[in-house]
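Survey of secondary and tertiary structure
The primary structure of each chain is shown beneath.
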Amino acid sequence: MDVQLLLTALLLGIVEGLTEFLPISSTGHLIIVGDLLGYNDEASTVFKIVIQFAAILAVCWEYRERLIKVAVGLPREREAQRFVGLLFLGFLPAAVLGLMFHSVIKTVLFNPLTVATALVVGGLIILYVEKRAYRPRINTVEEMGWADAVKIGFAQALAMIPGTSRSGSTIMGGLIFGLSRKTAAEFSFFLAIPTMFAATVYDLYKNWGLLHAQDLPVFAIGFVASFLSAMVAVKTFIRFISNHTFIGFAWYRIVFGLIVLASWQFGLVDWSEPSF
């Protein structure tokens, strides 16, 4: 087994886990870092699906008590049924639009330059949202209405553009629509579970023929790295947003995106088109 490939898997797993639930775009980071490391072939397509699945499981583990309570109470408890209903309504826009435009987006937009542009634009949007008068009217997920879930669902659908960030779209959408910072982040995490599970299953179905037994060690290292780093990121992020704004993430996006665009403009890096 190629040691360099194993190290690449380790690094990309860490990148996925740390960025999946922060408003900085995990997909965008994987495209850029994968391109820099030369890992953007067909095998990398399935690898990225696997490490994304690991990040989902990390959130499920972090919120396992809440999820178990909902699952047990779903047949008879109205609160559990309402919670699932909110997630379903939030999930629906991305599911429908994803099925309609998945192939086009993968073919046309999955490249480092699109990602860099989306990172900059998304950073500017975060700065704009943070400068608005901020008076949340919803302080827990339980206080959300059906319309709130639908609106955040459409905000999440914007993340189909790589570099936009699924968590960034849902959290910023939540702030615009009146959710507190913590509530917006938590609903974003919960909404990630059905959304990312569905995307993982769909992508595996589309790319089943690319699965090979010899890739299992690479996938295993990436999976473990993604799971553990996602656990750290989720715990740290929830504590961080209790006392901080998202302005730091905005400037990170802008600077990172501008560096990628500048490296392309001046020929410092030959950003290739991903083969998937």
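Structure: see above.
One structure accompanies this document, and this report is about it. (Residues numbered from 1 in each chain as written. Predicted model: local features only at pLDDT ≥ 70, side-chain atom pairs only at ≥ 80, totals over all residues. Heavy atoms only, no water.)

1. Quick look at the overall build of the protein
Short version of the rule: Helix and strand definitions here come from DSSP, where helices need a minimum of 4 consecutive H or I residues and strands a minimum of 2 consecutive E residues; each element is numbered from the N-terminal end. For this measure, only C-alpha atoms enter the radius of gyration; the expected value for a globule follows 2.2 Å times N^0.38, where N is the number of residues. Each residue is assigned to one of three classes by its accessible area relative to the maximum for its type, calculated with a 1.4 Å probe on protein chains only: buried under 20%, partly exposed between the two thresholds, exposed over 50%. By definition, residues are in contact when any of their heavy atoms lie within 4.5 Å.
Within the protein one finds 11 helices and 0 strands. Taking 276 residues into account, the globule formula puts the C-alpha radius of gyration at 19 Å, and the protein, at 18 Å, falls close to it. When the 276 residues of the protein are sorted by exposure, 51% land in the buried category. Within the protein, residue pairs in contact and separated by at least 24 positions form 84% of the contacts whose partners lie at least 6 positions apart.

2. With respect to the packing of aromatic side chains
Stated formally: Between rings of Phe, Tyr and Trp, where Trp is taken as its six-membered ring, a pair exists when centres lie within 6.5 Å; planes separated by under 30 degrees are stacked, by over 60 edge-to-face, and by other angles tilted. Consider the ring centre and the ring normal. A charge sits over the ring if Lys NZ or Arg CZ is within 6 Å of that centre and within 35 degrees of that normal.
For the coordinates displayed, the defined rule picks out 14 aromatic pairs. A connected cluster of aromatic rings, assembled from ring pairs, spans F21, Y63, F83, F189, F190, F237, F240, F246 and F249. Seen from the ring of W61, R64 lies directly overhead, with NZ or CZ sitting 4.0 Å from the centre. The ring of F83 has R66 sitting right over it, with the charged end atom 4.5 Å from the ring centre.

3. Quick look at the nonpolar core
Going by this rule: Note on terminology: a nonpolar core comprises buried Ala, Val, Leu, Ile, Met, Phe, Trp, Tyr and Cys residues joined through side-chain atoms within 4.5 Å.
In this structure, F21, M144, F187, F189, F237 and F246 are the most contacted members of the largest nonpolar core, which totals 47 residues. Every element with two or more residues in this core is listed here: α3 (42-62), α5 (78-108), α6 (112-131), α7 (146-157), α8 (166-176), α9 (181-206), α10 (216-241) and α11 (247-265). Top contributing element to this core by residue count: α9, with 9 residues. Each residue touching M144, except ones within four places of it in the same chain, is listed here: R82, L86, I138, A149, I152, L179 and F187. Residues L12, Y39, L210 and V218 belong to the second largest nonpolar core, which totals 13 residues.

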